[in-house]
Amino acid sequence: MKKIVILTDSICKIGGIESLINLKANYWVTKRDYTIHIITTEQQGRKPLFDMNPKIKLHDLSLNYDRNSSYFGPKNLLKVFKNYFRLQKKLDAIEPDFIIIANHIPVTFFFTFLRTKAKFIKEFHFSKYNRAQNRNISLFRKYENYLETKYDHLVVLNPEERAFYNTPNTVTIPNPIADTFGKEPMYNNRDQIAMAAGRITPVKRFDVLIDIWSVFVKQNKDWQLVIYGDGEESYVNFLKEKTEVLHISANVTFMGSVKNIQAKMKDAGLYLMTSSQECFPMVLLEAQSSGLPIIAFDCPTGPRNIITNNEDGILVPLDDHDKFVSQLIALTNDEELRIHLAKNGYKNSKQYAIDEIMAIWDEKVLKN
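Below or above, wherever it landed, is the structure these notes cover. Model, not experiment: these values are computed from the prediction. (Residues numbered from 1 in each chain as written. Predicted model: local features only at pLDDT ≥ 70, side-chain atom pairs only at ≥ 80, totals over all residues. Heavy atoms only, no water.)

Turning our eyes to something else, we now look at a nonpolar patch on the surface. A grouping of Phe 72, Leu 77, Leu 78, Phe 81, Phe 85, Phe 113, Phe 140, Tyr 143 and Tyr 146 is seen on the molecular surface, where their side chains present a nonpolar patch of about 960 Å² in accessible area. Going through the elements one at a time, helix H2 (77–94) and helix H5 (139–148) are the ones with two or more residues in the nonpolar patch. At four residues, the largest contribution of residues to the nonpolar patch is made by H2. The topology assignment puts Leu 77 in helix H2. (Patch = residues over 30% accessible without salt bridge, like charges linked within 9 Å, V, L, I, M, F, W, Y side chains within 5 Å. Areas by Shrake-Rupley, 256 points an atom, 1.4 Å probe, with all protein chains shown as cover. Salt bridge = Lys/Arg side-chain N within 4 Å of Asp/Glu carboxyl O. Helix = DSSP H or I, 4+ residues; strand = E, 2+ residues; numbered from the N terminus.)

Listed below in structure tokens is the structure:
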């Protein structure tokens, strides 16, 4: 029986990484009978956001890093040392076969000093696109590149991202979705609701989406924009104030976080994404598996690795706001086209079903 340790900061907030940890951990304990330990650094006594199988063992190191400061600054440096010793103690007790670093956390910088026979795997859920465009590599970046060679496996999410890594230990495994693909979704007679979802942060550019929506509603006031997700209170308030200034607050609703976003997708009519950068947005797969047509900016590097333009979704050239608006008007006025894109999207999403993706994990990574 394989023992797997998953390292992350917390599992109490809404987010793609948290959802993926939950999805894979539950799958491994139920379908593979693996022993799964999740070790966090700042759970702060809170319960996991998602429902977890009781077989999954949870540990928190109670470090509580200051997220507004550098890990190597005076507020956090001592905590990094505590992180090492507390984690080492846990690993000595667990004796895992595999250690998965699920996101960019301090252990990324000291994992080579940990005493363990386990294989180290690092998952990358962010895009290296912008970094790859910069030919001036700092000493710190060179050190990070060196550390990447020390992992047994680097897991990246799409072939385009694979090209940004120069080490032979890199494997491409896309994100899975939990959908079991039983009954096919209904495609017609959906609500006139355009959805967007995710952590409310500047990179997701919900402010751009609101600008686009303000132009669209001049043509069509029957549709509503519903935004799901949480973020910094000041940024969320900024977005709400923006809808007031643009006089579209009656057509935009902020719903906060929900555990099962796909339940909301089953009735909506469109999914919209205006991010400046995405690696492999699972929310697009969830939308497709829910029969939801998509319009997204063709930002680096995720949407184009999921959507085939005009076949199972619409890709708009990055930052072409006028084109986004025109596609939005066209799609909301053409139910036949929405159904065409939604049906093809549903077919496309099946290749990312969890059984398919977790078999790749077994084949490429979790081999003794």
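What follows is about empty space enclosed by the protein. For the structure shown, the criterion picks out four cavities of 30 Å³ or more. The volume enclosed by the largest cavity comes to roughly 90 Å³. Every residue along the wall of the largest cavity is listed here: His 104, Thr 108, Phe 109, Lys 122, Phe 124, Phe 126, Arg 131, Glu 144, Leu 147, Glu 148 and Tyr 151. At the level of secondary structure, the elements contributing two or more residues to the lining of the largest cavity comprise helix H3 (107–110) and H5. Ranked by the residues each element gives to the lining of the largest cavity, the list is headed by H5, at three residues. Reported here for the second largest cavity is a volume of approximately 80 Å³. (1 Å grid on protein atoms, 1.4 Å probe; cavity = no way out; pocket = protein on both sides within 12 Å on 5 of 7 lines; lining within 4 Å. Points joined across faces, edges and corners; volume = space filled by probe spheres on them.)

What we call a disulfide is simply a covalent bond connecting the sulfur atoms of a pair of cysteines. Scanning all chains against the criterion turns up zero disulfides. The thiol of Cys 279 is unpaired, and the distance to the nearest cysteine sulfur, on Cys 299, comes to 10 Å. Accessibility expressed as a relative area gives 5% for Cys 279, which makes it buried. (Disulfide = S-S within 2.5 Å. Buried < 20%, exposed > 50% of the residue type's maximum accessible area, 1.4 Å probe, protein only.)

Attention now moves to the pairing of strand E2 (residues 35–40). In terms of burial, E2 is a largely internal element, six of the six residues being buried. As paired strands, strand E1 (residues 3–8) and E2 are joined by six bridges and run parallel to one another. Note that in E2 the partner of Thr 8 across the bridge is Thr 40. Read as a crossover between parallel neighbours, the route from E1 over helix H1 (residues 16–31) to E2 is right-handed. Bridge analysis of E2 against strand E3 (residues 57–60) gives four bridges, and the strand direction is parallel. If you follow Thr 40 over to E3, its bridge partner there is Asp 60. (Pairing = 2+ DSSP bridges. Right-handed = clockwise from strand over helix to strand, strands pointing away.)

Turning our eyes to something else, we now look at unusual backbone geometry. With the exception of glycine, most residues fall at negative phi, and the peptide bonds are largely trans. Between Pro 300 and the following residue, Thr 301, the backbone shows a cis peptide bond with an omega angle of -15 degrees. With a phi close to 55 degrees, Glu 95 is a non-glycine residue in the positive phi region. By the secondary structure assignment, Glu 95 is in the loop between H2 and strand E4 (98–101). For Glu 95, a relative accessible area of 57% translates into the label exposed.

Before going further, it helps to examine the side chain of Lys 24. Its location among the elements puts Lys 24 in helix H1. A distance of 2.3 Å separates a polar atom in the side chain of Lys 24 from a polar atom in the side chain of Glu 123. Aside from chain neighbours lying at most four places away, what touches Lys 24 is Glu 123, Met 358 and Trp 361. (Polar contact = N/O pair within 3.5 Å; in protein donor to acceptor, adjacent residues only side chain to side chain. Contact = heavy atoms within 4.5 Å.)

Take the sheet that holds E2 next. On the basis of which strands lie adjacent, the open sheet formed by seven strands has the order E3-E2-E1-E4-E5-E6-E7 and parallel pairing. Every other strand in the sheet has two partners, leaving E3 and strand E7 (170–172) as the edge strands with one partner each. Between one strand and the next, the sheet's axes are offset by a mean angle of 20 degrees, whatever the strand orientation. Note that E4 and strand E5 (residues 119–123) share four bridges and pair parallel. (Axes fitted to C-alpha atoms, helices over the stretch in contact; angles between N-to-C directions.)

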